[in-house]
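# Geometric and topological summary
Chain residues, written in single-letter form:
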Amino acid sequence: MSKLQKTLVLLKPCTLQRGLAGEIISLFEKKGLIIKGMKMMQLTDELLSEHYAHLSEKPFFGRVKAAMMTAPVVALCLEGVDAVDAVRALTGPTNGRLAPAGTIRGNYCVSFQENIVHASDSPETAAIELARFFKPEEIFEWRPAIFNWLYACDEF
Ligand code: ADP
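Residues numbered from 1 in each chain as written. Predicted model: local features only at pLDDT ≥ 70, side-chain atom pairs only at ≥ 80, totals over all residues. Heavy atoms only, no water.

## Comments concerning the site of the ligand
K12, H54, R88, T94 and Q113 are the nearest of the 13 residues found near the ligand. In the environment of the ligand, an oxygen atom lies 2.9 Å from a nitrogen or oxygen atom belonging to the side chain of R88. Here Q113 contributes a backbone N or O atom positioned 2.8 Å from an oxygen atom of the ligand. In isolation the ligand offers 530 Å² of accessible surface; the protein chains occlude 83% of this area. Within the shell around the ligand, the residues separate by chemical class into five nonpolar, four polar and four charged. (Near = heavy atom within 4 Å. Polar contact = N/O pair within 3.5 Å; in protein donor to acceptor, adjacent residues only side chain to side chain. Areas by Shrake-Rupley, 256 points an atom, 1.4 Å probe, with all protein chains shown as cover. Nonpolar A, V, L, I, M, F, W, Y, C, P; charged D, E, K, R; others polar.)

Below is the structure:
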């Protein structure tokens, strides 16, 4: 059985506003994560209320949703072995001020809210979130030619 996993990443409006979209996508590519889907979207209050439902009781719920609508986002479907954990490790903890140097949030932001990317936090969430942001035909089952240099043969 394949150990490959897919996960959702959103490049937040702050990332597009700051002209960092290409740089951040490149970090995921350089890590070895495979881009299986990528698109630009303008998010709506309805979609964000679903996506951030776990924050609905928080005082910052409204402003987090508003911030996510100030510009489009870029949605990515990334694949790799243990991709959910690999992407979260690269992303770093939520508060950019406390995120370790070397992580995306640690290197690129100083904010709790304007923290560059969203990344799914479990395989179950990833499946739900990918279905929320991508149609099945927007995810491409391809394998890069360098795949066998990304993993040992028993790792995937
Ligand atoms: P993560 O994005 O790290 O999985 P959460 O799911 O807890 O974190 O929160 C979703 C988003 O809401 C965060 O990425 C951040 O933009 C915002 N957020 C979370 N907690 C706070 C907070 N205490 N203050 C401001 N914004 C917050």
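## Regarding the nonpolar core
Of all hydrophobic cores here, the largest spans 21 residues; its most connected members are V9, L11, I24, F28, L76, L78 and I116. Listed by contribution, the elements that provide at least two residues to this core are strand 1 (4-11), helix 2 (21-31), strand 3 (73-81), helix 5 (83-91), helix 6 (104-108) and strand 4 (117-119). If you tally residues by element for this core, the top one is helix 2, at four residues. Discounting residues that sit within four places of it in the chain, L78 has contacts with Q5, K6, T7, V9, F28, L33, I34, I35, A83 and V87. Formed by 17 residues, the second largest nonpolar core is a distinct cluster that contains L47, Y52, C77 and F133. (Core = buried A, V, L, I, M, F, W, Y, C linked by side-chain atoms within 4.5 Å. Buried < 20%, exposed > 50% of the residue type's maximum accessible area, 1.4 Å probe, protein only. Helix = DSSP H or I, 4+ residues; strand = E, 2+ residues; numbered from the N terminus. Contact = heavy atoms within 4.5 Å.)

## Quick notes on helix 5
Among the residues making up helix 5, those that are buried are A83, V84, V87, L90 and T91. Taken end-on, helix 5 shows its buried residues confined to a sector of 135°, consistent with a single buried face. The exposed residues of helix 5 that point more than 90 degrees off its buried face are D85 and A89. Of the residues trailing helix 5, G92 is marked for its positive phi of about 90°. (Arc of directions from axis to C-beta.)

## Observations concerning the pattern of salt bridges
Evaluated as defined, the whole model comprises seven salt bridges. Salt-bridge contacts for E79 lead to K6; the nearest nitrogen and oxygen are separated by 3.0 Å. Of this pair, E79 sits in strand 3 while K6 sits in strand 1, and the two are 73 residues apart along the sequence. A relative accessible area of 6% places E79 in the buried class. On the basis of relative accessibility, which here comes to 24%, the residue K6 falls in the partly exposed class. The shortest N-O distance in the salt bridge between R132 and E50 comes to 2.8 Å. (Salt bridge = Lys/Arg side-chain N within 4 Å of Asp/Glu carboxyl O.)

## Structural notes on unusual backbone geometry
For D82, which is not glycine, the phi torsion reads 50° and is therefore positive. Here D82 is to be found in the loop between strand 3 and helix 5. When its relative accessible area of 45% is taken as the criterion, D82 is described as partly exposed. With phi around 75°, I116 is a residue other than glycine that occupies positive phi space.

## Some remarks on the sheet that holds strand 2 (residues 34-41)
Strand pairing in a sheet is mediated by backbone hydrogen bonds. Such pairs are either parallel or antiparallel. With antiparallel pairing, the four strands of this open sheet are ordered in space as 2-3-1-4. Two strands bound the open sheet, and with one partner strand each, they are strand 2 and strand 4. The average angle at which neighbouring strand axes cross in this sheet is 20°, direction not considered. Here strand 2 runs beside strand 3; their pairing, made up of seven bridges, is antiparallel. Note on strand 3: the bridge partner recorded for M41 is V73. This element, helix 5, spans strand 1, strand 3 and strand 4 of the sheet and lies at about 35° to strand 1. Most of the contacts of helix 7 (residues 123-133) go to strand 1, to which it runs at about 60°, and overall it touches strand 1, strand 2, strand 3 and strand 4. (Pairing = 2+ DSSP bridges. Axes fitted to C-alpha atoms, helices over the stretch in contact; angles between N-to-C directions.)

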